[in-house]
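# Notes for the structure review
Residues per chain, in single letters:
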Amino acid sequence: MFKLHDNVNLLHGQTFGATLHANGCYFSVWAPEATSIRVHIYTLKEEKLGVVTLKERKRGAWFGFVEGVRENMCYAYEALGTYDPDNGLYFKEGHFLVDPYAKALNKAFNYSDDAYFNNNEKFIPKAIILGQSDFSWDGDISPFISRNTAILYEAHIKSLTMSNKKIPDHLKGTYLGFCHESVIEHLKMLGVTVVQILPIAASMTEPYLSRLSLVNYWGYNPVCFMAPDPRYAYIKANVVDEFKEMVKTFHKHGIAVILDVVFNHTAEAGADGPVLSYKGLDAKGYYAYDRYDGRNNYRSFLNYTGCGNTFNCDNTISLRLVIETLQYYKREMHIDGFRFDLGVTVGREYNALDSFQFSNKSAFFKICACDRLLSSSMMVGEPWDLGSHGYCLGAFPTGWSEQNDKFRDIVRRFWRGDKGLTAEFATRLMGSRDVFAKSYRSIHSSVNYVTYHDGFTLEDLVSYSHKHNELNKENNNDGTNENFSSNQGVEGATTDIEILKKRAQLKRNLMATLILSQGIPHILSGDEFSKTQDGNNNSYCQDNDINYIKWDYSDRNVDFMKFISRLCHLRLNSKAMSELNLDDDNYHIMENNYLVRWRESSGHLVTDARWNDENFNSFLLYIGDRDSQGERWCIIINRDDKDIMYKLPSIPANKYWKAVIDTTESDGIPSRLSNDAGLENVVGGNSIKILQVYEHKQVSVSDDYITTNELYRHVNRSNYKYR
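Here is a short report on the structure shown in this document. Predicted model only: the values in this text are computed from it and were never measured.

What counts and what doesn't
Residues numbered from 1 in each chain as written. Predicted model: local features only at pLDDT ≥ 70, side-chain atom pairs only at ≥ 80, totals over all residues. Heavy atoms only, no water. Buried < 20%, exposed > 50% of the residue type's maximum accessible area, 1.4 Å probe, protein only. Helix = DSSP H or I, 4+ residues; strand = E, 2+ residues; numbered from the N terminus. Pairing = 2+ DSSP bridges. Arc of directions from axis to C-beta. Contact = heavy atoms within 4.5 Å. Salt bridge = Lys/Arg side-chain N within 4 Å of Asp/Glu carboxyl O. Axes fitted to C-alpha atoms, helices over the stretch in contact; angles between N-to-C directions.

## A short note on the pairing of strand β25 (residues 520-524)
Within a regular strand, the side chains alternate between the two sheet faces. Buried residues dominate β25, accounting for five of its five residues. Because side chains alternate across β25, one face comprises the buried residues I520, H522 and L524, and the other comprises P521 and I523, equally buried. Inspection of the sheet shows strand β12 (residues 152-155) paired to β25 by three bridges, in the parallel sense. Counterpart to E154 in the pairing with β25 is L524.

Written out as structure tokens, the structure reads:
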């Protein structure tokens, strides 16, 4: 049925993977020390159609053109040679491998010891041979151009959709369910402009989790970087088109899509881990090892990720795969950007001392800066890993943004009531310029967050003082112990009205700080629904209600959503809030710069002595356009228990200060301390208040930014444009 073409040199030089042609398919795979490569060919249902042995190798690549192979057939590799792990060789007859360049799989990885060891051919997913796509993008254009309009919403495909009653059952947990109209309407109502999706690359549960009847639910254990995981597809064979449909739908509604990508390790773990793809083809090239006198110890995989291995982007074949994966998702899948899990690892290279060190001048970063597709993408790095000198916050190149854990920790501690943090809190509020230097890094370099997928949800942050991870079956030893959380008097769920009021107030303070701070705000999905994980701060292995978001439109949640929406749309409609440019910052030269002043309640400027006073807990931040007709804002932070009256900055006679946000109110609309009450200059205890200057003749934005009915309708976003 299949014939290996004799004259393949005309095709040599095409990309790795399977490239379909009119009368067959060109296969190319990197395996420099294999003695031969077999290509096993199947139907989508894994009926065996034949096997062909590749006969040509140039440099390290085996290749061949196989006549008779057609679209939607599947294949797996078998790499023959020496099995000698001590020397980095894992070739083994009867062991089947997934192509590192696979772009679609016929099924998800489902690990069990029995399947892996005793029925390996059936166990391994098969790569689908894709033809020329007939998917119609319908003139799709990316809505994302500049970071100043980015409001990130981090979500998991399954978590966001499984309990949404408006999504048809057959689409729950799928890419098509993720872009359902109810999800789109919800995100637009909130004011989200960028959705950040947890890893979708085909991944596998670790063997030890499988033995505990748990799963790697989040997906941070990849095998195939380019292949969208078929577990999220309604029809597995259509996984690529379903993924594209999801992206196109978000773009149609003005929402950009960035992917959480994992290039720091793979599911193959260390020397004793499973052999699935890379290890069985070129373990020496794809992974990093302890090195002495320029020689690798192949039994000692570097484990800078906590997952058993470290992907080696200092090697050409590994770096090429990472770059081509990013280009593929940009070009073919229309993805707008990427968040790099343990992003320090991809920037590591060996130095003259045999140390595997991070450099913001590594080949990876240089290629990203020079490549037209990647240089125009939103790039977010998680600026740490577990290796030597692995904490690199602020060290990524110009043009990158970074997760700012200093923002998270200081904001949590400040609102928890820890003393002596007011000065640093103010620094975080203004873009963490002690970390991201003015004139060299954009004010959007800081990705600000209070909650992330790996940690407490917002509801649990104010409801638990300690983690409760017993369901993870690690004796509550997993997950961080430094949560900087507070339960307001009762651990976990309660019906105490006063405690619930304190928790709700604290949540509003945290969310307001997040959205109003300079930088890029990052919102964790489910926080708007008061999602609880029952105190579990490491729910990576829970495929159940612990992770599924309950779409609960209770009165308290509706008010909180209105509050978040009010803040997001305020930010999007304000240049000062979304991109504050000061006189001493030349990174972005703008027509108008802003004046910033820090004041006490008396109206006097805050002195150095007051900043250093551990009992100093309340201040006013004034932001004003130097153009007399421009924006004027006051952000008043009060962590004292009592209400405080402020002397507001003077303004022209034809203007007045109007209170527009007050975190003492459940929906954020000023009421008790409003202009109507004559108390616009009073800030409540433990709260944030925002005031804006209006002209007396000016019709102000309606206090009813978002009504309950509008939770189910699209929000008009015509007042701002992507720049």
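Having seen the structure, we can now continue with the description.
## Details of helix α10 (residues 363-370)
Taken residue by residue, α10 has F364, F365 and C368 as its buried positions. Buried residues along α10 cover an arc of 95 degrees about the axis, so they all sit on one side. Residues of α10 that are exposed and point more than 90 degrees away from the buried face comprise K366 and C370. Of the surrounding elements, those touching the buried residues of α10 are α9 (316-331), β19 (337-340), β21 (356-358), α11 (372-375) and β22 (378-381).

## Structural notes on the pattern of salt bridges
What the rule picks out here adds up to 33 salt bridges. For the salt bridge of R299 with D272, the shortest nitrogen-to-oxygen distance reads 3.4 Å. Of this pair, R299 sits in strand β18 (residues 295-301) while D272 sits in the loop between β16 (256-261) and α8 (278-286), and the two are 27 residues apart along the sequence. Given the relative accessible area of 38%, R299 is considered partly exposed. Residue classification places D272 among the exposed residues on the basis of a relative accessible area of 71%. The network of salt bridges with shared partners includes D260, R339, D341 and E382.

## Some thoughts on the environment of Y286
Positionally, Y286 belongs in helix α8. When the C-alpha atoms of Y286 and M511 are compared, they prove to be 42 Å apart, with 225 residues separating the residues in sequence. Apart from the residues lying within four places of it in its own chain, the contact partners of Y286 are W30, P100, Y278, T310, F311, N312, I317, S318 and L321.

## Details of the sheet that holds strand β27 (residues 618-625)
The strand order across the open sheet built from five strands is β26-β27-β28-β32-β30, with neighbouring strands paired in antiparallel fashion. The open sheet is flanked by β26 (594-599) and β30 (655-662), the only strands paired with a single partner. Taking each pair of neighbouring strands and ignoring which way they run, the sheet shows an average axis angle of 20 degrees. Bridging between β26 and β27 involves six bridges; their strand directions are antiparallel. Residue pairing across strands places R599 opposite L620, the latter belonging to β27. Relative to the sheet, helix α13 (residues 422-429) contacts β26, β27 and β28 (632-638), its axis offset from that of β27 by approximately 25 degrees.

None of this, on its own, says anything about what the molecule does.
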